Structures are given as C-alpha cells and as structure tokens.
Amino acid sequence: IEPTRPDSARQEQNLQLSLAAALMTRLGYGADEVGQAYYRAHDLSAQTGSMKAPLRSLLGLWVHTWVAGRLPESLSHGRALLELAEKVDDPALRLQGHGGIGLVLLHSGGLDGARQHLEAGVALVGDAPPDTVSVQNAEVTCVAYSAWVAALQGRTSAMHEHVAHCAALSER
C-alpha cells in the first residue's frame, strides 16, 4: 500500500478486515492478533469516511472481546454498534446490536438488561422472514438466548414460548 495515495487508508482498512477474518479462522476469535487487525481497521474508518467498514470492525471487535472474556469492552462495542445502526436506520444492524448487547449482559449477570435487548432484537424482525443469513442467525440467537434468560429468571412459560419460537424459525 502506497501511503501517499488518497485511497491507501481504504485499501489498508479492507486488508485489515480480511486479515482479521483469516486470523479468526486460523487462531480463534479471541486471539490478540484478531483484535489488533479489527482495532486497526476501526481506527482507519475515521480516515475513510465509510459507514460499512466501521460496522464490520465494531461487529468483529464485539465478537473478539466477547470470546476473549473482556465483557465490559465487548459491551462498549455492542453499544457503539447499536448506536451506529440507529444512525443509518438499519433494522438488521440494530438486531445485531441488540443481540450483541443482550449476550454480553447475560454473561455478565445482567438478566433484566439482557432480556430487554434480546426481546428488542426479536421485535425488529417481527413476522417477516429475515432476508439474509446473518439476520436469520441474529434472530435465532436472540430468541435462543431469550429462552435462556427466561429459564434463569424462573419464567418457565416464557422459556417454553421462546423454545417454540426457535423451533418455528428452524422450519422457515
């Protein structure tokens, strides 16, 4: 990458995002090298002005820090992702943001907050089938984790409703 070229930041950002995905496959989601690549890509987004790359890097940083057990940091990335998703008014990204926050809160012991975000994520999809695999996966994740939260809170009937919802989603 030639640093004096106007598009060098965008080129490096794309390379860092590709590198992060490759390292994730080779070394695992929580590997330090994965985080370094996602952090670099995210830093470069300020120079590129792209909206897509910061979303990809935030999603990657959320997953990386969540799997690495750095839950407060992961929660921060999830909140930043949700905030950005709301700015671009993208329901699929809001679903990812609510799901990410809900998962972190569940693993942090914040069951009420987890429930709020997971149910908000499920509500974004409604009765319409998801139009992408990533949205479908995020919806299934929100519903499945909602069942877990309900079970931990002793809300047995809600747990059964979420489990039935998961079964219905698998038949779409």
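The model shown is predicted, which means the values in this text are computed figures rather than measured ones.

K.L.:
So what exactly am I meant to see when it comes to the nonpolar core here?
P.N.:
Proteins that are soluble and globular tend to have nonpolar side chains buried together. Judged by nonpolar contacts, the single largest core of 21 residues is most densely connected at A114 and L118. Per element, the largest residue contribution to this core is six residues, and it comes from helix α5 (residues 91–108). Contacts of A114, omitting those with residues within four sequence positions, involve G102, L105, L106 and V149. Counting 11 residues, the second largest nonpolar core, distinct from the first, contains M24, A37, A53 and L61.

K.L.:
Would you take a moment to explain the packing of aromatic side chains for this structure?
P.N.:
The relation between two aromatic rings is expressed through the spacing of the ring centres and the mutual angle of the planes. Considering all chains together, one arrives at two aromatic pairs under this definition. Their ring planes at 10° and their centres at 5.3 Å tell us that W62 and W66 sit as a pair that is stacked. Of this pair, W62 and W66 both sit in helix α3 (residues 52–67), four residues apart, which is roughly one turn of the helix. With 5.6 Å between their ring centres and 50° between their planes, Y145 and W148 make a pair best called tilted.

K.L.:
Got a minute to help me understand the pattern of salt bridges in this structure?
P.N.:
Considering all chains together, one arrives at five salt bridges under this definition. Where E12 meets R40, a salt bridge forms, and the shortest distance between an N and an O atom there is 2.8 Å. Residue E12 is located in helix α1 (residues 8–27), and its partner R40 is located in helix α2 (residues 32–48); the two are separated by 28 residues in the primary sequence. By relative accessible area, which is 35% here, R40 ends up partly exposed.

K.L.:
Honestly, helix α8 (residues 156–170) in this entry has me stumped. Any pointers?
P.N.:
Structurally, the α-helix is built with 3.6 residues per turn, so residues lying three or four positions apart point the same way. Taking 1.5 Å of rise per residue, the 15 residues of α8 would be expected to cover 21 Å, and the 21 Å separating its terminal C-alpha atoms lies within 8% of that figure. By the burial criterion, the buried members of α8 are A158, H162 and L169. Projected down its long axis, α8 shows its buried positions confined to an angular sector of 40°, all on one face. Exposed side of α8, more than 90 degrees from the buried face: S157 and S170 are the residues found there.

K.L.:
Even after reading the chapter, I still don't get the side chain of H77, so can you show me in this structure?
P.N.:
Among the structural elements, H77 can be located in helix α4 (residues 71–87). Residue classification places H77 among the buried positions, given a relative accessible area of 10%. Of note is the side chain of H77, whose polar atom sits 3.3 Å from the side chain of Y39. Filtering out sequence-adjacent residues up to four positions away, H77 remains in contact with Y39, L58, L61, W62 and T65.

Scoring rules and cut-offs
Residues numbered from 1 in each chain as written. Predicted model: local features only at pLDDT ≥ 70, side-chain atom pairs only at ≥ 80, totals over all residues. Heavy atoms only, no water. Core = buried A, V, L, I, M, F, W, Y, C linked by side-chain atoms within 4.5 Å. Buried < 20%, exposed > 50% of the residue type's maximum accessible area, 1.4 Å probe, protein only. Helix = DSSP H or I, 4+ residues; strand = E, 2+ residues; numbered from the N terminus. Contact = heavy atoms within 4.5 Å. Phe/Tyr/Trp six-rings, centres within 6.5 Å; stacked < 30°, edge-to-face > 60°. Salt bridge = Lys/Arg side-chain N within 4 Å of Asp/Glu carboxyl O. Expected span 1.5 Å × (residues − 1). Arc of directions from axis to C-beta. Polar contact = N/O pair within 3.5 Å; in protein donor to acceptor, adjacent residues only side chain to side chain.

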